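# Observations on the model geometry
This is what each chain is made of:
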Amino acid sequence: MTYIAKPRFHHPALKKNALGFTHRDYEGKISTLCAGCGHDSVTAAIIEACYELSIEPHRVAKISGIGCSSKTPDYFLGNSHGFNSVHGRMPSVLTGANLANRDLIYLGVSGDGDSASIGLGQFAHSIRRGVNMTYIVENNGVYGLTKGQFSATADRGSKSKKGVLNTDNAIDLVAIALQLGASYVARSFSGDKTQLVPLIAGAIQHKGVAFIDVISPCVAFNNHAGSTKSFDYVREHNDAVNRLDVITGRDPIVVDYAPGTVQVVEQHDGTKLALRKIDADYDAHDRVGAMAFLTKHAAKGQIVTGLLYVDPESEDLHSHLNTVDAPLNSLNAAQLCPGSAILNKINASLR
Ligand SMILES: Cc1ncc(C[n+]2csc(CCOP(=O)(O)OP(=O)(O)O)c2C)c(N)n1
Ligand code: SF4
Ligand SMILES: [Mg+2]
């Protein structure tokens, strides 16, 4: 963590969003990550997405585990709620917070070690439960914070900085998220802001599990020849399935007007995602098709990026549990206690 706060002053002519906030209002403390770390680009993309959506910072809860990636919530949304939990335990802490107060926007930030190694069970269960959250994994294939051991997402055959060959098979978190029912699944690259910002904005507006795996090279331990998570490798093997613009109820977030076919995806809450398709056959509503597409391209060594799947009729854990609309932490004793007559009836039914 850093204790270096950013100076508060800024240029008076800085652009403002619908709430009158500037970019600076969505920033956090000064990053202490290595210069060039992919994670800092993800931070910048989150700041941009929240600015574009005119999100009120106090409505966001950012929760992370342990790792360089899990440090990043300190570098954005300095006026939001935050909790830096234990290694691999972000999903359960986020689930608890979400159950207590459904009114906040939950942003889970994690690493590949945090989510695919020690936290794989937590990752899997939060997805299958349908927790309403944006779950971002900053995936560099290594434990950056502890000096570059292979994580469970490191590809078999990739080489560590010291020249050690990884002989274990890799876990693909996107494939698991699709299989376990995540209703918004995407993959991107930290160096591709044009693609990443609208993906994050779409995820924040999505009701249910929105999972984004962001390949985010570690310049200290995983950016050498032989690494399959390096800047050069990903740029050479990236195969984008679609171009994404997010249209909100306010000003549209315009990312790219390059020509192509556009597919508008309407989400449950009425927000729309316009997909500019590169591959004319790609259908972002087909979960099984997305899984097949991913596997087919992975076998060819290609990294598929973009919005791979979205369910416009998505639900979340609160809909599954049929909880009341009011946040549970706002209910008082009178609302929580059904009264002795009803309690007696329940007790009698159990005798
Ligand atoms: C319970 C527990 N086990 C192990 C550690 C040591 N540890 C700290 S960070 C980390 C790995 C972080 O890797 P990742 O989540 O990929 O984050 P990165 O630093 O690569 O962004 C490990 C093993 C710990 N802090 N707590
Ligand atoms: S060790 Fe790697 S992951 Fe950690 S800050 Fe440095 S470049 Fe980023
Ligand atoms: Mg990592």
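Our subject is the structure listed above.
Residues numbered from 1 in each chain as written. Chains lettered and ligands numbered in written order. Predicted model: local features only at pLDDT ≥ 70, side-chain atom pairs only at ≥ 80, totals over all residues. Heavy atoms only, no water.

The helix and strand tally for the chain stands at twelve helices and 13 strands. Across the 351 residues that make up the chain, the buried fraction comes to 48%. For the chain, restricting intrachain contacts to residue pairs at least 6 apart in sequence, the fraction spanning at least 24 positions comes to 71%. Put simply, the chain shows about 16100 Å² of open surface, and 55% of that area lies on carbon and sulfur atoms. (Helix = DSSP H or I, 4+ residues; strand = E, 2+ residues; numbered from the N terminus. Buried < 20%, exposed > 50% of the residue type's maximum accessible area, 1.4 Å probe, protein only. Contact = heavy atoms within 4.5 Å. Areas by Shrake-Rupley, 256 points an atom, 1.4 Å probe, with all protein chains shown as cover.)

Okay, the packing of aromatic side chains next. Tallying each qualifying case throughout the model produces six aromatic pairs. Between Tyr282 and Phe293, the ring centres sit 4.8 Å apart and the planes meet at 65°, which makes this aromatic pair edge-to-face. Taken together, the residues span a long stretch of sequence, with Tyr282 in the loop between β12 (272–277) and α9 (287–299) and Phe293 in helix α9 at a distance of eleven residues. On the basis of relative accessibility, which here comes to 4%, the residue Tyr282 falls in the buried class. (Phe/Tyr/Trp six-rings, centres within 6.5 Å; stacked < 30°, edge-to-face > 60°.)

A few words on the site of ligand 1. Neighbouring ligand 1 are 17 residues; Cys68, Ser69, Gly113, Asp114 and Gly144 lie closest to it. Ser69 has a polar side-chain atom sitting 2.8 Å from an oxygen atom of ligand 1. Within the backbone of Leu145, one N or O atom sits 2.9 Å away from an oxygen atom of ligand 1. Relative to its free-state accessible area of 600 Å², ligand 1 is covered by the protein chains to the extent of 75%. Every element with two or more residues in the shell around ligand 1 is listed here: α2 (68–71), α4 (112–117) and β5 (142–143). Counting residues per element, the shell around ligand 1 draws most heavily on α4, at three residues. (Near = heavy atom within 4 Å. Polar contact = N/O pair within 3.5 Å; in protein donor to acceptor, adjacent residues only side chain to side chain.)

Extensive coverage of strand β13 (residues 303–310) is indicated by the burial of eight of its eight residues. Sheet analysis places strand β7 (residues 184–189) next to β13, joined by four bridges and oriented antiparallel. What sits directly across from Tyr184, in β13, is Val310. Summarising the sheet, strand β9 (residues 238–240) and β13 pair through three bridges and their orientation is parallel. Bridging from a neighbouring strand, Asn238 pairs with Ile303 of β13. (Pairing = 2+ DSSP bridges.)

Following the criterion strictly, the structure yields five salt bridges and no others. Among the ionic pairs, Lys229 bridges to Asp155, the shortest N-O distance being 3.4 Å. With Lys229 in the loop between β8 (209–215) and α8 (231–237) and Asp155 in the loop between β6 (149–150) and α6 (173–179), this pair connects stretches of sequence that are 74 residues apart. For Asp155, a relative accessible area of 27% corresponds to the partly exposed category. Each of Asp172, Arg187 and Asp213 takes part in a single network of salt bridges with overlapping partners. (Salt bridge = Lys/Arg side-chain N within 4 Å of Asp/Glu carboxyl O.)

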